[in-house]
Every structure is written in structure tokens, then in C-alpha cells.
Amino acid sequence: PMEIVEIRCQTPGEVAAAMRELRIRGAPVLGQVAAYGLWQAAEAQRQAAEAQRQTAVGNLAPDAGAPGPAVPVPASSTAIPAAAEAFRSARPGVAPLRRAVARALAAWQAVGGDQAAPEVVADRLKAEADAIAMEALLGQARLGRTGAAALPRPRAVGGRVRILTIDETGALAGGTVGTALGVVTTAAAEGRALEVIVAETRPSLTGARLAAWELALAGVPYRVVADGAAAGLIAAGDVDIVLVGAEAVAADGAALAPAGTYPLALAAARAGVPFVVCTGSEAIDPDLAGAAELRPELRRLVAGSLAEPDSLSGPAADDTSLAAQPLHDITPPDLISAFVTDEGLLHPPYGQAFAGLAWPAR
């Protein structure tokens with residue numbers, strides 16, 4: 001949090017690497033970035049085709065002299081599907097990313113796919129990416145208002161609502177408002193008295209480094225706690241509600257979320273504290289029946305370190321201190337009190353509640 005660094009991704013390969021290395025994180029923003037990454041691939045094709053046309057025109061001119069070098073044009077039949085596969089493979093467990101890629105590919109096919117003119121493809125994919133980003137903005141605004149209205153009243157007169165959260169689920173992760181943290185900032189903007197308890201969120205401290213930083217910018221009182229202490233705070237009565245995000249949700253309500261979420265759900269159920277998942281409807285995947293079909297990801301880390309997951313090479317790659325770090329855990333639907341979504345507040349049974357959602361193209 002002591003330094004803000006902008007990473008400029010100029011090719012789909014750089015976008016995929018940023019996703020894989022968790023430089024881009026948060027399910028909603030991953031979907032938006034994937035859509036713009038596919039437009040980026042199409043734009044590269046358009047520019048290459050234009051350069052080839054300019055070279056051909058120059059070669060036909062009377063004073064052109066010797067023909068200029070040929071300008072290679074990426075094969076339109078492979079470049080966009082290859083970028084789509086790279087994005088899906090970078091974060092296979094994230095439902096909004098898969099959905100955004102599917103929407104962009106459907107738009108590509110609708111204008112003719114690899115048979116369409118590069119400029120037509122680029123314009124169509126830019127429009128689709130813009131639509132996905134705008135839907136995220138409007139959807140997260142609705143989600144924020146719905147969640148703010150559902151927050152409990154403070155236990156003490158004149159007191160604050162004490163909210164426990166984990167990971168980064170604000171504007172950085174949402175691209176606009178955010179999900180769980182978007183509920184917090186919306187409620188704060190409406191004048192609600194709040195205090196947020198932020199779990200540090202190991203291994204890369206996204207709660208301490210990112211969520212706490214966003215709360216400070218918003219002027220919301222907060223305190224960072226060790227992940228291992230969070231469940232004890234719930235048991236001690238220091239928490240009124242737990243708000244978390246999710247990277248994918250199965251049709252029965254099982255939620256794939258950052259590692260450390262499941263213990264919070266267990267503690268909340270034991271203490272009778274509401275445990276609420278805040279997520280856009282694009283994260284709910286009706287094709288996944290339940291927890292067994294969700295895809296938790298692992299990252300290889302130096303055991304005991306707090307370093308960002310990164311590629312390891314040389315002698316360190318064979319060191320026995322390397323460990324597989326779970327990036328997610330899965331919370332079963334019976335531990336989830338409600339879902340706050342852009343489609344409203346959803347209660348169990350979740351299979352029935354999700355059936356009424358208007359599903360965008362997948």
C-alpha cells in the first residue's frame with residue numbers, strides 16, 4: 001500500500017501473464033479485462049491488415065521501386081481463439097472470466113469469425129467489451145444498494161455495524177464499485193455508521209494491502225486482523241455480519257472464494273452471525289451442479305513466505321521448501337445465509353432462487 005504501480009499490458013500475452021501472476025485479481029474485473037484483451041487481439045489484426053494494405057499500395061505506385069518487405073498478418077482463424085484460451089487457462093476457476101470470453105467469442109462468430117474483415121471484428125469486440133464493462137458498473141451499483149439495505153442495525157444505540165470481510169472485493173477487484181466491499185462503501189456513502197474488520201488474507205495479504213487501502217481512501221473505519229484470529233472474533237461477539245465475495249458459484253449455491261472464507265462461514269454458523277456472499281450474477285454458473293464441479297486453484301510458493309506467487313526457476317525450483325498454496329476454498333450452501341447480487345437479495349433454497357435469474361450469454 002506504500003506505492004501504486006500501473007502495469008501496462010500491450011498484448012494479449014501480457015494480459016494473460018498478469019492474470020496468471022495475480023497482478024489482475026478479482027472475478028468481475030478479470031471478466032472485463034478478458035473482454036478488452038480479446039478486442040486488443042482483434043485490434044492488432046486490424047492494424048496488421050492496414051499495414052499490409054499500405055505496403056501493397058506502395059508497391060503498386062509507379063515510383064515505388066523494389067517491392068517492400070511483406071508485412072505478416074496474424075491468422076484471424078487462430079489469434080482470437082488462442083487469446084481466449086490463454087485467458088481461460090490463466091484463471092480457470094473464475095466464472096465471470098469464462099462468461100466474458102464466451103460472450104466475446106459469440107460476438108466474433110456473429111460477424112463472421114475468421115471470415116470477417118479485421119476492422120469489423122475489432123469494432124464488434126470493442127462494443128462487446130464496453131457493454132460488459134457498463135453492465136458491471138450498473139450491476140455493482142445495484143448490488144451495493146441491495147447489500148447496504150440488508151445490513152443489520154447496530155447492536156448498541158448509536159453504535160456501528162461491525163462487518164468482517166476477507167480479500168479485496170472493492171473497486172480494484174470489481175473494476176467499478178466492487179462486491180462485498182462495494183456494499184460497505186455504498187452503505188458508508190448513505191451515512192451508515194460502520195466498522196470493518198479486514199482479514200489480512202494470506203498468502204499475498206490482499207486484505208491488508210488492498211482492501212484496507214481502499215477503505216482508508218473511502219474514510220471507512222477499519223482494522224486489520226490476522227486470518228487465524230478472525231473466527232475467534234466472530235465467536236466472541238465482535239462481528240455483526242460477514243460479507244465475502246466469490247469467484248464462482250454452483251447451481252446449488254456452493255461458493256468458490258479466497259482461501260480462508262470457509263472457516264469464517266463455519267464460525268458464523270456456530271455463532272448465529274449472518275454470512276453473506278456478495279457477487280454479480282455472472283459468477284453464478286448454472287452448468288456447475290455443486291461443489292465437486294468448482295475448480296479451486298493452487299499456486300506454488302516458498303513455504304512460509306508472503307511473496308506474490310511468481311514463477312520460480314533455477315536451484316530454487318527444486319527446493320523442498322516449496323509448497324502448493326490453495327488460492328481458494330469452497331463454502332457449502334448450507335453455511336450461506338444469503339446472496340447479495342445485482343439481481344437482488346437471494347435466499348435459500350438457492351437452486352430455486354438462481355433459476356429465476358436472467359442469464360446472459362455464456
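Computed from a predicted structure; not experimentally measured.

Caption draft 1: Region of the structure containing the overall build of the protein. Along the backbone of the protein there are 11 helices and 12 strands. The contacts in the protein between residues at least 6 apart in sequence include a share of 77% that link residues at least 24 apart.

Caption draft 2: Quick peek at helix 1 (residues 12-20). Those residues of helix 1 that fall on the buried side of the exposure criterion are Pro 12, Val 15, Ala 16, Ala 17, Ala 18 and Met 19. Backbone geometry just after helix 1 places Leu 22 at a positive phi near 65°.

Caption draft 3: Quick look at unusual backbone geometry. The omega torsion of the bond from Arg 202 to Pro 203 falls at 10°, within 30 degrees of zero and hence cis. Mapped onto the elements, Pro 203 comes out in the loop between strand 2 (194-199) and helix 8 (206-218). The amide bond that connects Pro 348 to the next residue, Pro 349, takes the cis arrangement and shows omega of 0°. Within the secondary structure, Pro 349 is located in the loop between strand 12 (344-346) and helix 11 (350-355). The backbone of Asp 167 shows a phi angle near 70°, a positive value even though the residue is not glycine. Within the secondary structure, Asp 167 sits in the loop between strand 1 (161-166) and helix 6 (171-174). Overall, the relative accessible area of 11% leaves Asp 167 in the buried class.

Each value, and the rule that gives it
Residues numbered from 1 in each chain as written. Predicted model: local features only at pLDDT ≥ 70, side-chain atom pairs only at ≥ 80, totals over all residues. Heavy atoms only, no water. Helix = DSSP H or I, 4+ residues; strand = E, 2+ residues; numbered from the N terminus. Contact = heavy atoms within 4.5 Å. Buried < 20%, exposed > 50% of the residue type's maximum accessible area, 1.4 Å probe, protein only.

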